[in-house]
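# A closer look at the structure
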Amino acid sequence: MTVPLLEPTTATPEAPVAAGRRARRGWSPSLVAGAVLLGLILALALVSLVWTPYALDQATPGGRLAGPSAEHWAGTDRLGRDQFTQLMLGARTAVWVGTASVAVAFALGLPLGLLAASAGRIADDAVIGVVDILIAFPTLLLAMLLVTVYGASTLVAIVAIGVGVSAEVARLTRISASRIFTQDYVLAARTSGTGPIMILFRHVLPNIWHTLLVQATLAFGIAVIAEASLSYLGLGTPPPAPSWGRMLQEAQPTVSVAPWNVLLPGFAVAVAVIGVNLLGDGLRETLDPQLRRARRAVAR
């Protein structure tokens, strides 16, 4: 963030120079830190597609509840399974559920938000009514209701989380698009006979995509937490597919004997969520026009 650098009481002579260099390079510390943390999770997920230390259901020679060692980097669980293998496969589940849930959320929320912003007042009120109802239910609670009705599965969890997050996407899209629809160049395009579909693709979406991109990163973090919470409660990804939430649930009875089995999946969830939030903040700092102008002013 560059705003504190403008305050003479907290800034140092070197601070404006460093901020100017960051402005010229086009990156922010939050963006770099978030990309690194999220990159670690993505690397675990991608590597798990081609290699894991052990098979998922293999009882390893290390025995049950073994501590971290050269053979078992994260120890073993109460069934003798390698924890690092489950951690890697859990990263794959988290990335898949998070990405698919965000896709569902935008597939539902983006058209609704654009419809509310571009259509008449009746359509706007109808969409806002649906969005307000969805927002009234927390994402996790709505997901629990849908999973309870349709049964626990990864697909149901993805759809349930996506539906819950879509309300925020629709509201943000409506607010951002409504602001663009009031601009003079949009009014001029309407006057010249440009159709509403072309206005959306030529003027609205190109001016709100950076806001939606930041929202997508935040929605990804929400989806990761929701999936872990559902799996912890037995309502998420069913066995034998691994999940960080179920790793926490299975390790809870032995926390006094093998605390690392609780700390590692919890740490993985924290890294993923903190990473996407830092990435979102960094993208906002990099893509927001007002913040870009502020950084240019500091650079000069």
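Going by the structure above, here's the rest.
Residues numbered from 1 in each chain as written. Predicted model: local features only at pLDDT ≥ 70, side-chain atom pairs only at ≥ 80, totals over all residues. Heavy atoms only, no water.

### Here's the deal with the overall build of the protein
- When its secondary structure is counted, the protein shows 11 helices and zero strands.
- Split into buried and exposed, the 300 residues of the protein put 43% on the buried side.
- Here the analysis covers contacts within the protein between residues at least 6 apart in sequence; of these, 68% occur between residues at least 24 apart.
- When the accessible surface of the protein is split by element, carbon and sulfur atoms take 68% of a total near 15,200 Å². (Helix = DSSP H or I, 4+ residues; strand = E, 2+ residues; numbered from the N terminus. Buried < 20%, exposed > 50% of the residue type's maximum accessible area, 1.4 Å probe, protein only. Contact = heavy atoms within 4.5 Å. Areas by Shrake-Rupley, 256 points an atom, 1.4 Å probe, with all protein chains shown as cover.)

### With respect to the side chain of Gln-83
- When you line up the elements, Gln-83 lands in helix H3 (residues 83-118).
- Note on Gln-83: relative accessible area 5%, which makes it buried.
- A polar side-chain atom of Gln-83 sits 3.1 Å from a polar atom in the side chain of Gln-86.
- Leave out the neighbours within four places in its chain, and Gln-83 touches Ala-74, Gly-75, Thr-76, Asp-77, Met-247 and Asn-261. (Polar contact = N/O pair within 3.5 Å; in protein donor to acceptor, adjacent residues only side chain to side chain.)

### Looking at a nonpolar patch on the surface
- Taken together, Leu-46, Val-47, Leu-49, Val-50, Trp-51 and Trp-73 make up a surface patch of nonpolar side chains, about 680 Å² in accessible area.
- Looking at Leu-46, the relative accessible area reads 57%, which means it is exposed. (Patch = residues over 30% accessible without salt bridge, like charges linked within 9 Å, V, L, I, M, F, W, Y side chains within 5 Å. Salt bridge = Lys/Arg side-chain N within 4 Å of Asp/Glu carboxyl O.)

### A look at the pattern of salt bridges
- Enumeration according to the criterion identifies six salt bridges in this entry.
- Glu-250 is paired through a salt bridge with Arg-81; the nearest N and O atoms lie 3.2 Å apart. Linking Glu-250 in helix H9 (residues 244-251) with Arg-81 in the loop between helix H2 (29-48) and H3, this pair joins segments that are 169 residues apart in sequence.
- For Glu-250, a relative accessible area of 21% corresponds to the partly exposed category.
- As a salt-bridge pair, Glu-168 and Arg-171 come within 2.9 Å of each other at their nearest N and O atoms. With a gap of three residues between them, Glu-168 and Arg-171 both fall in helix H6 (residues 154-181), about one helical turn apart.
- A relative accessible area of 31% places Glu-168 in the partly exposed class.

### Notes on the packing of aromatic side chains
- One pass over the structure, following the stated rule, counts one aromatic pair.
- Ring geometry for Trp-73 versus Phe-84: centroids 5.1 Å apart, planes at 65°, classification edge-to-face. Here Trp-73 is found in the loop between H2 and H3, whereas its partner Phe-84 is found in helix H3, with 11 residues between them in sequence.
- Owing to a relative accessible area of 18%, Phe-84 belongs among the buried residues under this scheme. (Phe/Tyr/Trp six-rings, centres within 6.5 Å; stacked < 30°, edge-to-face > 60°.)

### Some points on H6
- The terminal C-alpha atoms of H6, which comprises 28 residues, lie 39 Å apart, in line with the 40 Å expected from a rise of 1.5 Å per residue.
- The largest bend in H6 comes to about 30°, at Val-165. (Expected span 1.5 Å × (residues − 1). Bend = angle between axes of the 7 residues up to and from the residue.)

### Focus on unusual backbone geometry
- The amide bond that connects Pro-239 to the next residue, Pro-240, takes the cis arrangement and shows omega of 5°.
- Residue placement: Pro-240 occurs in the loop between helix H8 (196-232) and H9.
- The backbone of Leu-65 shows a phi angle near 55°, a positive value even though the residue is not glycine.
- Residue position: Leu-65 is located in the loop between H2 and H3.

### Quick look at H2
- A rise of 1.5 Å per residue sets the reference length of H2, with its 20 residues, at 28 Å; its end C-alpha atoms lie 29 Å apart and thus fit the reference within 8%.
- When H2 is considered as a whole, its buried residues turn out to be Ser-30, Leu-31, Gly-34, Leu-38, Ile-41, Ala-45 and Ser-48.
- Looking at the buried positions of H2, the neighbouring elements they touch are H3, H8, H9 and helix H10 (260-287).

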